[in-house]
Amino acid sequence: MSRELEHLYILDTTLRDGEQSPGVALSAGDKLTIAHQLARLRVDVIEAGFPYSSPGDFAAVRAIAEQVEGPTIAGLARCFEEDVRACADALSPASNARIHVFIGTSPIHRDAQLHMTQREVHDRAVAMTRLAASFREDVEFSPMDASRTEPEFLAEVVTGCIEAGATTINLPDTVGYATPDEWRTLIGWMYDRVPALRKVVLSVHCHNDLGLATANSLASIRAGARQVETCVNGIGERAGNAALEEVAMTTQLHPEVYGVQTGLDHTHLYRTSRLVSQLTGMLVQPNKSVVGANAFAHHSGIHQDGVLKDRRTFEIMEPGHVGAGSSLVLGKLSGRHALRERLGELGYRVDGEELNRAFVRFKELADRKREVTDRDLEAIVTDERGTDAEAFRLEHLQVSCGTQMRPTATVRMMLPDGSSREAAALGDGPVDATYRAIDSLVQLDGTLEEFAIQAISGGMDAVGEVSVRLRSDGTLVSGHGADTDILVAAARAYVQALNRMMLKRNSVERTVASGAGVPA
Ligand code: KIV
Ligand code: ZN
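Rules and cut-offs
Residues numbered from 1 in each chain as written. Chains lettered and ligands numbered in written order. Predicted model: local features only at pLDDT ≥ 70, side-chain atom pairs only at ≥ 80, totals over all residues. Heavy atoms only, no water. Salt bridge = Lys/Arg side-chain N within 4 Å of Asp/Glu carboxyl O. Helix = DSSP H or I, 4+ residues; strand = E, 2+ residues; numbered from the N terminus. Buried < 20%, exposed > 50% of the residue type's maximum accessible area, 1.4 Å probe, protein only. Core = buried A, V, L, I, M, F, W, Y, C linked by side-chain atoms within 4.5 Å. Contact = heavy atoms within 4.5 Å. 1 Å grid on protein atoms, 1.4 Å probe; cavity = no way out; pocket = protein on both sides within 12 Å on 5 of 7 lines; lining within 4 Å. Points joined across faces, edges and corners; volume = space filled by probe spheres on them. Domains from an automatic or database assignment. Buried area = accessible area lost by both parts, 1.4 Å probe. Polar contact = N/O pair within 3.5 Å; in protein donor to acceptor, adjacent residues only side chain to side chain. Pairing = 2+ DSSP bridges. Axes fitted to C-alpha atoms, helices over the stretch in contact; angles between N-to-C directions. Parallel < 35°, antiparallel > 145°, perpendicular 65-115°, else oblique. Left-handed = near helix turned anticlockwise from the far one by under 90°. Nonpolar A, V, L, I, M, F, W, Y, C, P; charged D, E, K, R; others polar.

S.K.: Please clarify how the pattern of salt bridges should be interpreted in this entry.
M.R.: Here the idea is simple: oppositely charged side chains can pair when their charged atoms come close. One pass over the full model with this rule turns up 30 salt bridges. Between Glu 81 and Arg 85 there is a salt bridge, with its nearest N and O atoms 3.1 Å apart. Pair noted here: Glu 81 and Arg 85 are both in helix 3 (residues 81-91), with a separation of four residues, about one helical turn. For Glu 81, a relative accessible area of 41% gives the class partly exposed. Owing to a relative accessible area of 41%, Arg 85 belongs among the partly exposed residues under this scheme. In this structure, the salt-bridge partner of Arg 274 is Glu 378, at a minimum N-O distance of 2.7 Å.

Below, the structure written as structure tokens:
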């Protein structure tokens, strides 16, 4: 017997909590690209950023509020007047916008970080929720670290914030400490203790420190939560947040258990995952559920035999359900229009100069390689995009190496002042020589923490992709480069990381300067 399904709201916070993943630095252009794709995926709410934290975040939230249609656009604000005002201002162009205010409520947050009493935290939360409600009808309040907050106090703060105008109450398991049973019990208890919760949407925001973020989110739905906060690929602070694709597919496959349905277009899940992985530099592990490379790969003979006879023997969903498995191949006769169309389908809106550059790279590749796959295109376009505020650009690279000589690299680069300079260096290997030459031009003291090469597609003509992680002054960034020449790919990856380092340094200024309250 079919049962009436209730709507489950998906608030996606890839652009806010996801961007807080170590090593991730998204430019405003990257954020806009991801936001457009989230709109195509039909999430209900896009948490676009934390406007007060930096001018860059403010501008990105403003651009998303101006240009992305469909979902509600949310911005995060601490319980400070200037935060709430900056958030309202950044969101002002959006027809549907939400101000999301939060404050730490647990004893450890009150005592160690905020130095505030329960009463002070309560009053601040209520006052800032009221201020937010004076700008927008749609206000979300989060008692940060709810899972470690005294339940009675949690109920008191939540009651005050509903009276002050909150329309969504979000309970964060900020440090990923809760277990499904415990979380479900707490939510049930909250519904009994705070009857007004039935008049608003109850949301959960679960972190994955114990690998339970999805399980806790699902348990909350059974207890009555009707919004879940997620990140694509489960990225986010530390071990990440509940993965959007996992919540989406579990609720879809088990309507009888959860009694809800999302408004998502599941056929965009895989593409969204790829896009986020490319732009954040956070690779998706092959065995990741729903979107990993092995999620639909059958290795053992028995499984292969079964799937050939009837897919349902060993598959609970088909690749096509999540938009995986179809890769259109372009070749050297494909034109600019076909390239633009395909990139658009993959989530990249590429026009003007950016399209020209991508087309040149595409043609070069198509000359060397018979078939250019979606993975090749993704690699080219993310590599070509670099960052909006591109401070460094690789113009030329020449490397000599071999069995009888010390590797030498000559590099020419465009520098932040617009000048073009050249340097040469010797190294222990060709990559080392290249990076030393770049370092001598850039003079940004960094440590290369990770260097990985992989072939994107098979065969001798495969495009090679290099990923690096670079740390400087406590800031960690990643970079990607792709080319059929692996040394060029290595140089591009390094230069992209350097550009992101510059971007990140500029954008953390205000968060650091203002001290406490950075969310998890
Ligand atoms: O984890 C957390 O508590 C957060 C809040 C700001 C919602 O990210
Ligand atoms: Zn969080």
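Still more ground to cover, so stick around.
S.K.: How do you make sense of the nonpolar core when you look at a structure like this?
M.R.: The tendency in soluble globular proteins is for nonpolar side chains to be buried as a group. Counting residues in hydrophobic clusters, the biggest one holds 112 residues, and the most contacted among them are Ile 169 and Leu 197. Residue contacts for Leu 197: discarding those within four places in its chain leaves Val 158, Ile 162, Ile 169, Met 190, Tyr 191 and Leu 202. If you look at the next biggest cluster of nonpolar residues, it comprises 30 residues, including Met 413, Ile 438, Leu 441 and Leu 444.

S.K.: Got a minute to help me understand empty space enclosed by the protein in this structure?
M.R.: By rolling a water-sized probe across the atoms, one finds the places where empty space is left. According to the stated counting rule, one finds three cavities of 30 Å³ or more in the structure shown. In this structure, the second largest cavity spans a volume of roughly 80 Å³. Lining the second largest cavity, in full, are Arg 361, Glu 364, Leu 365, Arg 368, Ile 380, Val 463, Ala 482, Asp 483 and Thr 484. Contributions of two or more residues to the lining of the second largest cavity are made by helix 14 (352-368) and strand 16 (475-483). Here the element with the most residues in the lining of the second largest cavity is helix 14; it accounts for four residues.

S.K.: Could you clarify how one ought to interpret the domain arrangement of the protein chain in this entry?
M.R.: How big an interface is tends to be expressed through the accessible area that disappears when the partners come together. Considered domain by domain, the protein chain is made up of domain 1 (6-280), domain 2 (326-385) and domain 3 (393-506). Computed over C-alpha atoms, the centres of domain 2 and domain 3 are 23 Å apart. On the domain 3 side, the residues contacting the twelve residues of domain 2 number 15 residues. When the area that domain 2 buries against domain 3 is broken down by residue, the three leading residues are Arg 368, Lys 369 and Asp 383, summing to 40%. Connecting domain 2 to domain 3 are zero salt bridges. If you look at where domain 2 meets domain 3, you find one residue pair in polar contact (both at pLDDT 80 or more).

S.K.: Looking at this structure, how should I read helix 9 (residues 244-253)?
M.R.: Side chains that are three or four residues apart share a direction in an α-helix, a result of its 3.6 residues per turn. Of all the ten residues making up helix 9, seven are buried; the element is thus mostly covered by neighbouring parts of the structure. Regarding helix 9, the residues found buried are Leu 244, Glu 245, Glu 246, Val 247, Ala 248, Met 249 and Thr 251.

S.K.: Can you walk me through the sheet that holds strand 12 (residues 405-414) in this structure?
M.R.: Strand pairing within a sheet occurs via backbone hydrogen bonds; the two strands may be parallel or antiparallel. One open sheet accounts for three strands, arranged 11-12-13; its pairing is antiparallel. The outermost strands of the open sheet, each flanked by one partner alone, are strand 11 (393-402) and strand 13 (420-426). The average angle at which neighbouring strand axes cross in this sheet is 10°, direction not considered. Judged from the eight bridges that link them, strand 11 and strand 12 form a sheet pairing that is antiparallel.

S.K.: Please clarify how the packing of helix 3 against helix 5 (residues 118-135) should be interpreted in this entry.
M.R.: How two helices sit against one another is set out by the angle between their axes and by the gap between those axes. Running from N to C, helix 3 and helix 5 point in directions that differ by 20°, and their axes come no closer than 10 Å. One way to sum up the angle between helix 3 and helix 5 is to call them roughly parallel. Every pair of crossing elements has a handedness; the one defined by helix 3 and helix 5 is right-handed. Two secondary-structure elements touch here, helix 3 through Glu 81, Val 84, Arg 85 and Ala 88 and helix 5 through Met 128, Leu 131, Ala 132 and Phe 135. A breakdown of the residues in the contact of helix 3 with helix 5 according to their chemical character gives six nonpolar, no polar and two charged.

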